[in-house]
Amino acid sequence: MILKVYFKPTFIKQFKRLESALREEVLEKIEMFKDKKNHKQLKAHKLNGVLSGRYSFSVNYKTRIVFSYLSKNEAVLLVVGDHGVYNN
């Protein structure tokens, strides 16, 4: 199943600040994320605490993307960055 992906302005701002090699990697992972079959490989998981109701997946060992499902077929990417994104 293919997800339609939207981007919050915050996500876009943070994305633009990343170094170009990391931006490439983020774009690759977003493409993978669009296919729900890849969610396990991306380590997509539900978050707890203040971020309850949101989800996260890994870009690499250090970088994460936090997102929410809008519906079964749609997701919005909220923030991108290191583990500090969990504090936003």
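Here's what I pulled together on the structure shown here. All figures in this text were calculated on a predicted structure; none of them were measured in a lab.

Along an α-helix, a turn takes 3.6 residues, which lines up residues three or four apart on a common side. Helix length check: helix H2 (residues 20–33), at 14 residues, gives a terminal C-alpha distance of 20 Å against a target of 20 Å (1.5 Å per residue), a fit within 8%. Buried residues along H2 sit against strand S1 (4–7), helix H1 (9–17), strand S3 (55–58), strand S4 (64–71) and strand S5 (74–81).

To continue, consider the pattern of salt bridges. Side chains that differ in sign of charge can pair as their charged atoms come close. The tally for this structure, following the rule as stated, stands at one salt bridge. Across the salt bridge formed by Lys34 and Glu31, the nearest N and O atoms sit 3.0 Å from each other. By relative accessible area, Lys34 is classed as partly exposed at 25%.

With that settled, consider the sheet that holds S4. Within the open sheet, the five strands sit side by side as S1-S5-S4-S3-S2. Their pairing is mixed. Edge positions in the sheet fall to S1 and strand S2 (45–46), since each of these pairs with one other strand and no more. As defined by bridge partners, S4 adjoins S5 across seven bridges and the pair is classed as antiparallel. Note that in S5 the partner of Arg64 across the bridge is Gly81. Along the sheet, H1 contacts S1, S4 and S5; its crossing angle with S5, the most-contacted strand, is approximately 40 degrees.

What follows concerns the side chain of Lys29. Assignment of secondary structure puts Lys29 in helix H2. In this structure, Lys29 is buried with no salt-bridge partner, the nearest side chain bearing the opposite charge being Glu25 at 4.8 Å. In this view, Lys29 contacts Leu42, Phe57, Ser58 and Val59; residues no more than four positions away in its chain are not counted.

Next up on the list: the nonpolar core. The biggest cluster of nonpolar side chains holds 17 residues, and the ones touching the most others in it are Phe11, Val26, Phe33, Phe57, Ile65, Leu77 and Val80. Mapped onto this core, the elements with two or more residues apiece are H1, H2, S4 and S5. The element best represented in this core is H2, accounting for four residues. When residues no more than four places from it in sequence are discounted, the contact partners of Leu77 are Val5, Tyr6, Phe7, Lys8, Phe11, Ile30, Phe33, Phe57, Ile65, Val66 and Phe67. By size, the runner-up hydrophobic cluster in this structure holds seven residues, among which are Leu47, Leu78, Val79 and Val85.

Given two aromatic rings, one states the distance between the centres and the angle between the planes to describe the pair. The full count for this structure, using the stated rule, is eight aromatic pairs. The interplanar angle of 15 degrees and the centroid separation of 4.6 Å between the aromatic rings of Phe33 and Phe57 together place this pair among those described as stacked. A residue pair is termed long-range when its members are at least 10 positions apart, and Phe33 in helix H2 and Phe57 in strand S3 qualify at 24 residues. Residue Phe33 is classed as buried on the basis of its relative accessible area, which comes to 0%. We classify Phe57 as buried; its relative accessible area is 0%. Ring geometry for Tyr55 against Tyr69: centres 4.9 Å apart, planes inclined by 70 degrees, an arrangement best described as edge-to-face.

Rules behind the numbers
- Residues numbered from 1 in each chain as written.
- Predicted model: local features only at pLDDT ≥ 70, side-chain atom pairs only at ≥ 80, totals over all residues.
- Heavy atoms only, no water.
- Helix = DSSP H or I, 4+ residues; strand = E, 2+ residues; numbered from the N terminus.
- Expected span 1.5 Å × (residues − 1).
- Contact = heavy atoms within 4.5 Å.
- Salt bridge = Lys/Arg side-chain N within 4 Å of Asp/Glu carboxyl O.
- Buried < 20%, exposed > 50% of the residue type's maximum accessible area, 1.4 Å probe, protein only.
- Pairing = 2+ DSSP bridges.
- Axes fitted to C-alpha atoms, helices over the stretch in contact; angles between N-to-C directions.
- Lys, Arg positive; Asp, Glu negative; His and termini not counted.
- Core = buried A, V, L, I, M, F, W, Y, C linked by side-chain atoms within 4.5 Å.
- Phe/Tyr/Trp six-rings, centres within 6.5 Å; stacked < 30°, edge-to-face > 60°.

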